Amino acid sequence: MGKVIANLMKRFGSLSILTCLVVVLCMLVSPTTARAAETLPHSENPMDINLDTEYVIEANKFRSYYSFELKEASRVNITASSSSYFCYYVSKDSSPTSADMTESDGGEVNSSVVLPKGEYYLITLNRNSSLNIKLTATPYKWGTLKLNSFNNGKFTVTYTPNPNNADDKNTIIYAWAAPGYADFTNENSQKFTGYMDKSTNEPGHTKITITVRNDKLDLQKDYTVDAIQLPKAPKYSANCLENVNTNSAIIGGANQFSGPIDRTKNGNYYKVQILKAGKWTTYGTYSAGEKAKITKLKPNTEYKIRLIGVLRTKGYKDIESAPSKAVKFRTGCKEKPAIKSIKVTNVKVKKIPKVYHPGTWVGTVWRDGYYTGGYTETSFNATVTLKKRVKGPAGLNIDGVFVKGSGTTFSTKGVIRGNYKGKKYNFNISYANHKLYGGLSPKVKKAVTMK
C-alpha cells in the first residue's frame, strides 16, 4: 500500500497523503476489474478468478476467457448485469456450444448450473458496456447410500435421493468395487444386489465402494461402506466339556487338541456365558484355541452355558455371533461312593502281538511307519454294589467307564494293560453324570484281587 500511495503522490504531486488514502480505499472496496481490452485473457491463457468475488469486465469486441476450479460437484450460481447486450458461457473447454450460453439485451441475469468437480472456463462477451459478474458455488446435495444386508458374500444396497434436491432423483447405482465378482443384473437402479467371492465369506470387515451416477448432470460419487460378515454361532454340545467335577468345568473342544470354536467360522475369540437367576452373564472371553476353565461352581448342581463367537480386529469394535444353543451339565456331588463290595469275574489274559505298519505317502506328506501291540492285557467283568445311593448323580464312573443307573448295583466290562490275573488291582470309583465330561465326585480307591 505504501508503494501505491508513493506512486499517486509522484503522479499527482498536489495530492495530500489523506487524499491518496481515500483513493486507495475506494480501489479496495470496488469490484475487481478485469484486464483492459487490449490485454484481455484469451483461450490459451485464461485468467484465474475466485468464486464469491464480483468482477467488472470492460467493454470489448472479443471474448474474454477466465478459469475457475470446483473441488467437488457443486451448483454454480451466476449473477451478471450490464446496460447493453452481453452473453457468457460456462464450459469444460474453450470452444463452448450454444447450449452453454446465457445471453441478455441488458439488465441483470441470474442463472445456475450443476457441475462435476474439475476446472472450467467462464467466457464472456460484452461489446458496448462493462459487465459485472459474480460466481458462487454450493456443494451438490447428494442423497444417502445404505447397506441393507451382508451375508455369505451377498449384499444389498439402496440409494435414496436427497428429498431437498430435485436433480438427485435421476441418480442411480452405477458400479461397485470389492473382492469377488459382480452379478450386476439389476444395474442402473437405486437398489442393487451384489455377490462377492467365497473367499470373503469368513467373518470380518470388507470395504465395498459403491459408485452412484447422475447421467443427466454428468455427476458421479463414490461411497465406501463397511460390510460386516458376522461370525457364525458356535456349534457346541455337552460332549465337548471336559473334566467337570464338584466345583469346576473346562470348556474344551471336539477333541483334546482343538479349541471350542472354529476360527474360520466363529471368530478369533469367544465368550462363555452362564445362566444365573434367569439372566445370561458373561464369565469371560478367551482366544479361539484356548480352553476356558469355569471355577467356583456348586456341587451336584445343574448349570447352563452358551458360547458367543467374537471377531476382534484392530481398529474396529468387536463383532459377535449369535449365541450357541444352551448346553446343560451337572457338577459332581461332594460325597464319595460308599462301596459295599466289588465282585470281579471272567478274568482273561491276552497277548497282543506286535505289528509294524510301514510308512506311506499321504498326498505329498510322508508318514513314518509305526508299531502297535506288543503287550499283554487283562479283561474282566466287574459288579460294584453301594451301601447307599445319593440323589443327583446319573451313575458311577468305574475305572474310567461311565455306568448309568439309579440303583445301588452297577456292572461293567473292563480291559487294563498288563497281566493282573491273581493280582490285586486298584479300582477308582466316583459318582458321575456323563460318559464324556464326567461330572465326578471325589473318587474312592479299592483294591480287588483279579481271580
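In the block above lies the structure referred to throughout.
Residues numbered from 1 in each chain as written. Predicted model: local features only at pLDDT ≥ 70, side-chain atom pairs only at ≥ 80, totals over all residues. Heavy atoms only, no water.

(A) Seen up close, the pattern of salt bridges. What the rule picks out here adds up to seven salt bridges. Between Lys71 and Glu69 there is a salt bridge whose closest N-O contact spans 3.6 Å. Classification of Glu69 as partly exposed rests on a relative accessible area of 42%. Measuring nitrogen to oxygen at the nearest pair gives 2.5 Å for the salt bridge that ties Arg213 to Asp215. Owing to a relative accessible area of 17%, Arg213 belongs among the buried residues under this scheme. By sharing partners, the salt bridges in this structure join Arg213, Asp215 and Asp218 into a single network. (Salt bridge = Lys/Arg side-chain N within 4 Å of Asp/Glu carboxyl O. Buried < 20%, exposed > 50% of the residue type's maximum accessible area, 1.4 Å probe, protein only.)

(B) Geometry of the environment of Trp142. Looking at the element boundaries, Trp142 is found in the loop between strand 10 (131-139) and strand 11 (144-151). Accessibility expressed as a relative area gives 15% for Trp142, which makes it buried. When the C-alpha positions of Trp142 and Pro161 are compared, they lie 6.8 Å apart, and in sequence the two are 19 residues distant. Residues contacting Trp142, with those up to four places away along its chain left out, are Ala73, Tyr159, Asn162, Asp168, Thr171, Val212, Leu219, Gln220, Lys221 and Tyr223. (Helix = DSSP H or I, 4+ residues; strand = E, 2+ residues; numbered from the N terminus. Contact = heavy atoms within 4.5 Å.)

(C) Seen up close, the sheet that holds strand 31 (residues 395-398). One open sheet accounts for four strands, arranged 32-31-34-35; its pairing is antiparallel. The open sheet has two edge strands with one neighbour each: strand 32 (401-404) and strand 35 (444-449). Adjacent strand axes in the sheet meet at a mean angle of 30 degrees when their direction is disregarded. (Pairing = 2+ DSSP bridges. Axes fitted to C-alpha atoms, helices over the stretch in contact; angles between N-to-C directions.)

(D) Highlighting the sheet that holds strand 21 (residues 292-294). Pairing in this open sheet of three strands is antiparallel, and the strands run 17-18-21 from one edge to the other. Of all the strands in the sheet, just strand 17 (241-242) and strand 21 have a single pairing partner and so form its edges. Bridge count between strand 18 (residues 249-251) and strand 21: three bridges; the pairing is antiparallel. Paired with Ala249 across the bridge in strand 21 is Ile294.

(E) Up close: the side chain of Asn126. Position of Asn126 relative to the elements: it lies in the loop between strand 9 (118-125) and strand 10. From its side chain, Asn126 meets the backbone oxygen of Ile57 in a polar contact 3.0 Å long. Of note is the side chain of Asn126, whose polar atom sits 3.3 Å from the backbone oxygen of Glu58. Leave out the neighbours within four places in its chain, and Asn126 touches Ile57, Glu58, Ala59, Asn60, Tyr85, Phe86 and Leu131. (Polar contact = N/O pair within 3.5 Å; in protein donor to acceptor, adjacent residues only side chain to side chain.)

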